[in-house]
Structure formats: C-alpha cells, structure tokens
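Single-letter residue listing:
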Amino acid sequence: MRKVAFVGFTRTGCDLARSLARAVEAQGVADEVSVSGPARFACEAGVEPFESLAVWASERFRSCDALVFVSACGIAVRAIASLIADKLTDPAVVVLDEQGSFCIPLLSGHVGGANDLARFLAQAAGGCAVVSTATDVNGVFAIDEWAAREGFSIMERARAKEVSAALLESAPVGLSSAFPLIGDVPAGFSLSGGAAADVGVRLDWRTGRHPFPRTLHLVPRCITLGVGCRRGVGAEVLRDQVESVLSEACCPRAALSGIATIDVKRGEPAIDDLAARWGLDVAYFSADELRAVPGDFPSSEFVERAVGVGNVCERAATARGESLVLAKRAAQGCTVALGLARMTAAF
C-alpha cells in the first residue's frame, strides 16, 4: 500500500493508532502514514487535528489506499457509508477497538487488501483479526485477492463472483494461462479441466480467448505501447489510432504498462495528452538507443532523415527486452506497435 490514514477519537484510541502507524511504517506495509484525532486534544495526543469527521473521511477516501478507524464499528460505517462506490476502486477500511482486541476489515477485503491489513494490525496490537469473507472463512482460494496482490486486473466483475461461487461449491474451475505458471495450482482449479469446467480463469494480456463457456480474464500490466507521430498531430487522432490498435489486438487498456517513443517527441502534445488521460508514464529513447534494439524492423528513409532512426514505434515498444506482439500499424500520421514484457504467474 502506498498511503494509509489512521484516525482515533479518544486519547487512548489515538495512542493505539500512533503505535500501529509506526508498525506499518517500520514493516514497509505502506509508504506513507498519517494519524488524526479530534482537534480539541490532537496537539496533546501528537496527531493531526480534524474538525469534521465527514470531511476527514471524504478527503482520505479519495486519496488513500486504506483508512483505519480506532473506534466503534458504527462510527466508521456512518463515516464511509455515502462514499462507497465500487469494490474494485474503494480503499480498504479497517476498524479496531481501542484495546486492539479485535480488528475488522469492513470494506475492500480482497481487492483493496483490507483482510491482509487487518491481519497485520491484529498481530501488531496483540489482538484477533475478524475476517468474514466467505472464501477466507472456508479456506478457499480468493481469486480477486490473488489478482490484486499480483497486479492483474479483473476484466469481468460478475464472472469473478461466479468463480468464487464455484470454488465454494466445490464445482470444477478451469485455469488457462498465456504465461508460465510458478508454484502449485491452487486447490479447486484444474489446468486440464477445460472440457469439464463451465467456468474458468484465463491469465492473458488479451481478452479475445475464451477457453471456458464462462471465462474470467485476468490481465497484467505487461504491454508497452510504442508510438510515433508527426509533429503537431491531434490528440484525438493519436488516441483514436491507439484505441483501434488495442481493439484489433483484443488488448484492454488495463494491460498497458506505459508508452515508449523517441526523445525528440518529448513534449509532443498528443503523446502527453494520451499519457495524462490514461495515467501512463512515457519512456523516451534516443535514436542511438533505438538503433541498438535487436531485431529486424522495417525502416523508413523519411523517418530516419527526420529523427535519426528509421523505425520508432516497434523499436520503442521492444527497447527494454519486450517481444513484439503487434507490428506497426500506421494511419493519419501515427504509428503504433505493442511490446510484451516477459511474464510469469506465481501462486
């Protein structure tokens, strides 16, 4: 987790919150922690003051990966009730009593990591984690929790529930992967059960393959988007071309790990716009670096005269060792290619 916010409502609660925040920081559970308490004694308790719990909760709900309430459950429930939107994007929410006896994950137990955080906090406080999700209670592999931990995006939310339901009912669940698997296949899954399994999981950067009648696609961020474009091309033109290429490859946006291009395109408005809209970093390579990329790529004399290398998008897409999985597509002054990083799936 990157950012965890603690809140207490009494001096005792704030003391426990501060102790747990130190443990979270010391063990590297989060990169950044904060502890807040009522303004009337916050300074004395050594925590950040808040005047309105509703305002505190609203701000932290948007900006943090987890909220930890040292309080009664009712206080936490009322504070977050109007903020809950989506189990795949809501932050983890955990509640502890002031003695640290019980630690309860209230929200985003699997995808948000609340269950794991509750277990850690309970151990740090000398208490007990009260985890109520069905897969945990029954000792069944939680596919959504595994996906979140391993960095895979869940593409069909309803299908994830079907997979969990099948596992809980001991029904056959298939597993298919485009990547090498490391470790033992979790109990309940079968790599050879495609014919028998009505529902199953496909690990892939593409969503066009359906090895089971009901297939849940889990997609990692492993695709580099190599781009080139003429100077001043419109942002919508580049975005439309990229979306067309992704559609052709059955590659969801969730699979993109970043954009790569030549350094002379630094500051190109269309590329900057695409990166900002989709939350992607841009890697810039010099002409010399791109020329040094191993592989046989088609070359344009015009492009070479303009930027110093005859192929930008394919070389950029594979500049860090990726394999080219979709060759150059060119239209309206834009070129796009897709590079696949080496991937494994570990259980």
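This structure is a prediction, so every number in the text was calculated from the model and none was measured. (Residues numbered from 1 in each chain as written. Predicted model: local features only at pLDDT ≥ 70, side-chain atom pairs only at ≥ 80, totals over all residues. Heavy atoms only, no water.)

Draft legend 1. Broad picture of unusual backbone geometry. Phi at Cys250 is positive, roughly 55 degrees, even though this residue is not glycine. Structurally, Cys250 can be placed in the loop between helix H9 (235-248) and strand E15 (256-262). The class of Cys250 is partly exposed, set by a relative accessible area of 35%. Phi is positive for Gln332, close to 50 degrees, though the residue is something other than glycine. Along the chain, Gln332 falls in the loop between strand E17 (323-331) and strand E18 (334-340). With a relative accessible area of 54%, Gln332 lands in the exposed category. (Helix = DSSP H or I, 4+ residues; strand = E, 2+ residues; numbered from the N terminus. Buried < 20%, exposed > 50% of the residue type's maximum accessible area, 1.4 Å probe, protein only.)

Draft legend 2. How the structure looks around the pairing of strand E6 (residues 102-107). Bridge count for strand E5 (residues 92-96) against E6 is four bridges, and the pairing is antiparallel. Bridge pairing links Val95 to Ile104 in E6. Connecting E5 to the antiparallel partner E6 that follows it, the hairpin turn spans five residues, and Gly100 within it adopts a positive phi of roughly 70 degrees. Strand direction decides the pairing type here: E6 and strand E7 (residues 128-129), joined by two bridges, are parallel. Bridge pairing in E7 places Phe102 opposite Cys128. Note that the unit made of E6, helix H5 (residues 114-125) and E7 has a crossover that is right-handed. (Pairing = 2+ DSSP bridges. Right-handed = clockwise from strand over helix to strand, strands pointing away.)

Draft legend 3. Geometry of the packing of aromatic side chains. In total, this model carries six aromatic pairs according to the counting rule given. For the ring pair Phe141 and Phe347, a centre distance of 6.1 Å and an interplane angle of 70 degrees mean the geometry is edge-to-face. Placement of the pair is Phe141 in the loop between helix H6 (134-137) and helix H7 (143-150) and Phe347 in the segment after strand E19 (345-346), with a sequence separation of 206 residues. Exposure remark for Phe347: the relative accessible area of 29% places this residue in the partly exposed category. Seen in terms of ring centroids, Trp146 and Phe347 are 4.9 Å apart; in terms of plane orientation they differ by 25 degrees. Their pairing is stacked. Taken together, the positions of Trp146 in helix H7 and Phe347 in the segment after E19 put the pair 201 residues apart, joining distant regions of the chain. With a relative accessible area of 1%, Trp146 lands in the buried category. An aromatic cluster of three or more residues is present, and its members are Phe141, Trp146, Phe152, Phe189 and Phe347. (Phe/Tyr/Trp six-rings, centres within 6.5 Å; stacked < 30°, edge-to-face > 60°.)

Draft legend 4. Layout of the sheet that holds strand E3 (residues 48-50). If you walk across this open sheet you meet the seven strands as E3-E2-E1-E4-E5-E6-E7, and the pairing is mixed. Looking along the sheet, the strands with just one partner apiece sit at the ends: E3 and E7. Lying on the sheet, helix H1 (residues 11-26) is in contact with strand E1 (3-8), strand E2 (32-38), strand E4 (66-70) and E5; it crosses E2 at an angle near 175 degrees. The strands touched by H5 within the sheet are E1, E4, E5, E6 and E7, with E5 carrying the most contacts at an inclination of about 30 degrees. (Contact = heavy atoms within 4.5 Å. Axes fitted to C-alpha atoms, helices over the stretch in contact; angles between N-to-C directions.)

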